[in-house]
Amino acid sequence: MAHRGYESVWSDLQQVEFSQGFLQAGPYRTRYLHTGDDSKPLLLLLHGITGHAEAYVRNLRSHGEHFNTYAIDFIGHGYSSKPDQPLEIRHYLDQIQHVLDALGAERAYFSGESLGGWVTARMAQQHPDRVERIVLNTMGGTMANPKVMERLYTLSMEAAEDPSWDRVRARLEWLMADPAMVTDDLIRTRQAIFEQPDWKTACEMNMALQNPEIRKRNMISDDDLRSIATEALVIWTTKDPSGPVDEGRRIAQLIPKGRLAVIENAGHWPQYEQTDEFNRIHLDFLLGG
């Protein structure tokens, strides 16, 4: 395998005009990475379970040219507020609506990966008046595979209890088709989050959706998907660890205005692993293609 050379979050953000900050969104202190300006339509980028805004560092430059773009940390994640209660989809929806209010926005475009896609789909179903086009990127919430849930829970809680380099790396490698994509810098970025004194409790709270009973009442049903009225792009990958391309195809077929794009040689983070292709497909759709 060819050596990739040293890569970092900072090299991903070279020449990107961006800011990092905190937004008081209702009761939730919400950390964000921001690019673009408020003359452009608002786009929210939503990460996956135990993730953080850096999931989108490779997408900020291209998207900031067209959108007022915010990649946020969900509550219970990253550096946002950590509620001391099991987190279900309604809690994330509450945060998202407070974020829109804090930004003075009636509506936004949404793109969510994994948990972020689950929240985005529910937002489009329950609050269509606040949603423009949506992207569901290797979304969660339509499947309850016990093996996947157990693997995700085990890797996440092991890294929470002992945020060693190897445990954090193992959790990140689960995301990727090519483990070499997990750079030292990405490991250290996530390790610093996992080293926070409140992280173990936070991880237990955000792992609630891996509990079969809690997951069951939060699942996105076929009828829920059929009721989504907005234009929707489903992105799936050929090496997604959470489920096969057939699941992405099924989701896209159930959404009345749904379409599917399949990205080769990527796992659960196509926006990071196959950045150029993701950005092209993603922007073409969001801009009305």
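Now for a quick tour of the structure. Quantities reported herein were computed from a predicted structural model and do not represent experimental measurements.

### Some remarks on the sheet that holds strand S6 (residues 131-137)
In step 1: Read from one edge to the other, the open sheet built from 8 strands follows the order S1-S2-S4-S3-S5-S6-S7-S8, with strand pairing classed as mixed. Both edges of this open sheet fall to strand S1 (18-25) and strand S8 (258-263), since each of them pairs with a single strand only. Sheet twist, expressed as the average angle between the axes of neighbouring strands with direction ignored, equals 20°.
In step 2: Note: strand S3 (residues 42-46) against strand S4 (residues 68-72), 5 bridges, orientation parallel. Looking at the pairing, Leu-42 lines up with Asn-68 of S4.

### Examining the pattern of salt bridges
In step 1: A complete count under the given rule lists 18 salt bridges for this structure.
In step 2: Measuring nitrogen to oxygen at the nearest pair gives 2.9 Å for the salt bridge that ties Arg-107 to Glu-132. With Arg-107 in the loop between helix H3 (89-102) and strand S5 (108-113) and Glu-132 in strand S6, this pair connects stretches of sequence that are 25 residues apart.
In step 3: A relative accessible area of 35% means that Arg-107 is categorised as partly exposed.
In step 4: Judged by its relative accessible area of 27%, Glu-132 is partly exposed.
In step 5: Three or more residues are tied together by salt bridges with common partners; here these are Glu-7, Asp-12 and Arg-58.

### Quick notes on helix H5 (residues 146-161)
In step 1: The terminal C-alpha atoms of H5, which comprises 16 residues, lie 22 Å apart, in line with the 22 Å expected from a rise of 1.5 Å per residue.
In step 2: Buried residues along H5 sit in contact with helix H6 (165-173), helix H7 (184-194), helix H8 (199-206) and helix H9 (212-218).
In step 3: Sitting at the head of H5, Asn-145 places a side-chain oxygen 2.9 Å from the backbone nitrogen of Lys-147.

### Some remarks on the packing of aromatic side chains
In step 1: Going through the model one piece at a time under the given rule, you end up with 6 aromatic pairs.
In step 2: Taking the centre distance of 5.2 Å and the plane angle of 65° together, the rings of Phe-67 and Tyr-109 count as edge-to-face. With Phe-67 in the loop between helix H2 (60-64) and S4 and Tyr-109 in strand S5, this pair connects stretches of sequence that are 42 residues apart.
In step 3: The class for Phe-67 is buried, based on a relative accessible area of 1%.
In step 4: Exposure remark for Tyr-109: the relative accessible area of 17% places this residue in the buried category.
In step 5: Judged by centre distance (4.9 Å) and plane angle (15°), the ring pair of Phe-194 and Trp-199 falls under stacked.
In step 6: By relative accessible area, Trp-199 is classed as buried at 0%.
In step 7: For Arg-58, the ring lying beneath its charged end belongs to Tyr-272, and the centroid distance is 3.8 Å.
In step 8: The ring of Phe-285 carries Arg-133 above its face, with NZ or CZ at 4.9 Å from the centroid.

Conventions we followed
- Residues numbered from 1 in each chain as written.
- Predicted model: local features only at pLDDT ≥ 70, side-chain atom pairs only at ≥ 80, totals over all residues.
- Heavy atoms only, no water.
- Pairing = 2+ DSSP bridges.
- Helix = DSSP H or I, 4+ residues; strand = E, 2+ residues; numbered from the N terminus.
- Axes fitted to C-alpha atoms, helices over the stretch in contact; angles between N-to-C directions.
- Salt bridge = Lys/Arg side-chain N within 4 Å of Asp/Glu carboxyl O.
- Buried < 20%, exposed > 50% of the residue type's maximum accessible area, 1.4 Å probe, protein only.
- Expected span 1.5 Å × (residues − 1).
- Contact = heavy atoms within 4.5 Å.
- Polar contact = N/O pair within 3.5 Å; in protein donor to acceptor, adjacent residues only side chain to side chain.
- Phe/Tyr/Trp six-rings, centres within 6.5 Å; stacked < 30°, edge-to-face > 60°.
- Lys NZ or Arg CZ within 6 Å of the ring centre and 35° of its normal.

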